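This is what each chain is made of:
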Amino acid sequence: MKDGILVLKKPQNWTSSDCVAICRRALRCKGSRKVGHGGTLDPMATGVLPIFVGQTTRIMEYLDLDSKTYRCKALLGTVTDTLDIWGEPIETRAFDGITEQDIREGLHSFEGWIKQTPPKYSAVRINGRRLYEYAYSGETIEVDIKQRTVNIERIDVLSVDAARGEFVFDVTCSKGTYIRTLCSDLGEKLGCGCIMTSLERTAVGNIGLDGRIPVVSPLEIKARCAETDGDVYAAELERQFLSPDYPLIHFGRVDMPEDRAVYFSRGNSIRWHQVRVLDVPDRDYMIRRDPEGRVPENTRGRRYDRIYKVYQRETGEFLGTGYYDKTEHLLRADKVFVEKR
């Protein structure tokens, strides 16, 4: 079985873990073969859920750089305990006098770096437990939910029905942003309350629902698994895989001749003059990922503006990612995706 990224369109009432489980079964993944998802979606949310298979799971940390785009429908005049339509109603408020312009201006006021408090019904961990576990248990334990800094890069208001208090908007934001919190905060700003009524994630970085890449529903996978030979269907799904380097659009790109590729495949460093730079990292994009305008680093302390996708020159094969050591003038292996040669 090859490694790659299978893109799902998650339906409502499926958890992200449910989606991973059905893919493991359909792809005949056994033993220690890893399968993971790129960014949790709540059960009520729908949309893009990348599934990473095999060695490709190792690039998941790089996707923390990527923005996510959502289409949200919201309703004024209501407050619930979960900040969305699926929660228990707490209060109903009048929204007479709230105009389309008020809604538009209120939403746009949240663009940029802002502070958000995660909802109590969320997967954020506090003292080793997820917030929703505290909420659903009914415990009276006081949990300190700390604010987090998130980036609302852009909000596009698509439609507003001020008389009914309903509106639809697209939002592009950083990892860790809660759209239902955004709706709730807008409701507080307007003084009338607001809840999210539907949410679809339309893109994770360059992986989206715009028709450029194959997308499959886990409902289809479940049905096909029941009616199709397992090995045949697994091979069919593999043909829909994106390559491991597909999401890494903001990294630089280098290639090297075959003899150096062999050396790199063993985790060794390559002298900088022995590689050919095809693209440089998008440093400006990376700086915009940080509230203080600094270049983010990966878990090994390596700056993202010095990380390159690495290819063998003769074949174009993706070998892995490398880090430019500016002091030693070396390309050090960060993550190798091919077998040792």
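Above this text is the structure in question.
These remarks concern the structure in this document. Bear in mind the structure is a predicted one, so any value in this text is a computation, not a measurement. (Residues numbered from 1 in each chain as written. Predicted model: local features only at pLDDT ≥ 70, side-chain atom pairs only at ≥ 80, totals over all residues. Heavy atoms only, no water.)

**Let's talk about the overall build of the protein**
So, step 1. Helix and strand counts for the protein come out as eight helices and 19 strands.
So, step 2. With the C-alpha coordinates aligned to their principal axes, the bounding extent of the protein is approximately 70 × 55 × 40 Å.
So, step 3. Taking the intrachain contacts of the protein between residues at least 6 apart in sequence as the baseline, contacts between residues at least 24 apart amount to 68%.
So, step 4. When the 52 basic and 51 acidic side-chain charges of the protein are each reduced to a single mean position, those positions are 6 Å apart. (Helix = DSSP H or I, 4+ residues; strand = E, 2+ residues; numbered from the N terminus. Contact = heavy atoms within 4.5 Å. Lys, Arg positive; Asp, Glu negative; His and termini not counted. Charge placed at Lys NZ, Arg CZ, Asp CG, Glu CD.)

**Side note on the side chain of T78**
So, step 1. Note on placement: T78 falls in strand 5 (residues 78-80).
So, step 2. The buried category is assigned to T78, whose relative accessible area is 18%.
So, step 3. Filtering out sequence-adjacent residues up to four positions away, T78 remains in contact with E91, C192, G193, C194 and I195. (Buried < 20%, exposed > 50% of the residue type's maximum accessible area, 1.4 Å probe, protein only.)

**Structural notes on the packing of aromatic side chains**
So, step 1. Counted by the stated rule, this structure contains eight aromatic pairs.
So, step 2. Look at F251 and Y304: their rings are 5.9 Å apart centre to centre, the planes differ by 15°, and that puts the pair in the stacked class. Of this pair, F251 sits in the loop between helix 6 (230-238) and strand 14 (252-256) while Y304 sits in the loop between helix 8 (283-287) and strand 17 (307-312), and the two are 53 residues apart along the sequence. When sorted by exposure, F251 lands in the same class as Y304, which is buried.
So, step 3. Measuring from centroid to centroid gives 5.5 Å for Y311 and F318, while their planes differ by 50°, and the two rings are tilted.
So, step 4. For Y311, a relative accessible area of 10% corresponds to the buried category.
So, step 5. Feature note: the residues Y62, F251 and Y304 constitute an aromatic cluster, connected by ring pairs. (Phe/Tyr/Trp six-rings, centres within 6.5 Å; stacked < 30°, edge-to-face > 60°.)

**Here's the deal with the nonpolar core**
So, step 1. With 30 residues, the main nonpolar core has L76, F167, F169, V171 and I179 as its most contacted residues.
So, step 2. At the level of elements, strand 4 (68-76), helix 2 (100-108), strand 10 (148-161), strand 11 (166-173), helix 4 (179-190) and strand 12 (194-204) are the ones that each hand at least two residues to this core.
So, step 3. If near-sequence neighbours (up to four positions away) are discounted, F167 is found in contact with C72, K73, A74, L76, I103, L107, S159, V160, L186 and C194.
So, step 4. Within the second largest apolar cluster, 22 residues are counted, among which are V48, F52, L242 and Y323. (Core = buried A, V, L, I, M, F, W, Y, C linked by side-chain atoms within 4.5 Å.)

**Re the pattern of salt bridges**
So, step 1. Applying the stated criterion across every chain yields a total of 30 salt bridges.
So, step 2. Ionic pairing is found between E188 and R93, a salt bridge with its closest N-O pair at 3.5 Å. In this pair, E188 sits in helix 4 while R93 sits in the loop between strand 6 (89-92) and helix 2, placing the two residues 95 residues apart along the sequence.
So, step 3. The shortest N-O distance in the salt bridge between R332 and D325 comes to 2.8 Å.
So, step 4. Given a relative accessible area of 15%, D325 falls into the buried group. (Salt bridge = Lys/Arg side-chain N within 4 Å of Asp/Glu carboxyl O.)

**Here's the deal with the side chain of K10**
So, step 1. With respect to the secondary-structure elements, K10 resides in strand 1 (residues 4-10).
So, step 2. Of the side chains with opposite charge, D18 lies nearest to the buried K10, which makes no salt bridge, at 7.6 Å.
So, step 3. Only 2.7 Å separates the side chain of K10 from the backbone oxygen of A45, close enough to count as a polar contact.
So, step 4. Apart from residues lying up to four places away in sequence, K10 is in contact with T15, C19, L41, D42, P43, A45, T46, G47 and P218. (Polar contact = N/O pair within 3.5 Å; in protein donor to acceptor, adjacent residues only side chain to side chain.)

**Here's the deal with helix 1 (residues 16-26)**
So, step 1. Turning to helix 1, its buried residues are S16, C19, V20, I22, C23 and A26. Seen along its axis, helix 1 keeps its buried residues to an arc of 165°; they face one direction. Across helix 1 from its buried face, at more than 90 degrees, point the exposed residues S17 and R25.
So, step 2. The inward-facing, buried residues of helix 1 contact strand 1, strand 2 (35-37), strand 3 (46-53), helix 5 (218-227) and helix 6. (Arc of directions from axis to C-beta.)

**Structural notes on unusual backbone geometry**
So, step 1. Despite not being glycine, N13 shows a phi value in the positive range, around 70°.
So, step 2. Locating N13 in the fold gives a position in the loop between strand 1 and helix 1.
So, step 3. What makes N13 exposed here is its relative accessible area of 65%.

**Quick notes on the packing of helix 1 against helix 5**
So, step 1. As a packed pair, helix 1 and helix 5 sit with axes 10 Å apart at the nearest point and diverge in direction by 35°. Of the two possible hands of crossing, helix 1 and helix 5 adopt the one that is left-handed. Contacts between helix 1 and helix 5 involve C19, I22, C23 and A26 on the former and, on the latter, P218, I221, K222 and C225. (Axes fitted to C-alpha atoms, helices over the stretch in contact; angles between N-to-C directions. Left-handed = near helix turned anticlockwise from the far one by under 90°.)

**Side note on the packing of helix 5 against helix 6**
So, step 1. One way to put it is that helix 5 packs onto helix 6 with a least axis distance of 9 Å and a crossing angle of 150°. As judged from the angle between their axes, helix 5 and helix 6 are roughly antiparallel. In the packing of helix 5 onto helix 6, the handedness of the crossing is right-handed. Across from E220, I221, R224 and C225 in helix 5, the residues of helix 6 making contact are Y233, E236 and L237. (Parallel < 35°, antiparallel > 145°, perpendicular 65-115°, else oblique.)

**Describing the sheet that holds strand 14**
So, step 1. Taken in spatial order, the six strands make up an open sheet running 15-19-18-17-14-16, and their pairing is mixed. The open sheet has two free edges, formed respectively by strand 15 (270-271) and strand 16 (276-279), since each of these has just one partner strand.
So, step 2. Of the strand pairs in this sheet, strand 17 and strand 18 (residues 318-325) are connected by five bridges, and their pairing is antiparallel. Following the sheet pairing, Y308 is matched in strand 18 by G322. (Pairing = 2+ DSSP bridges.)

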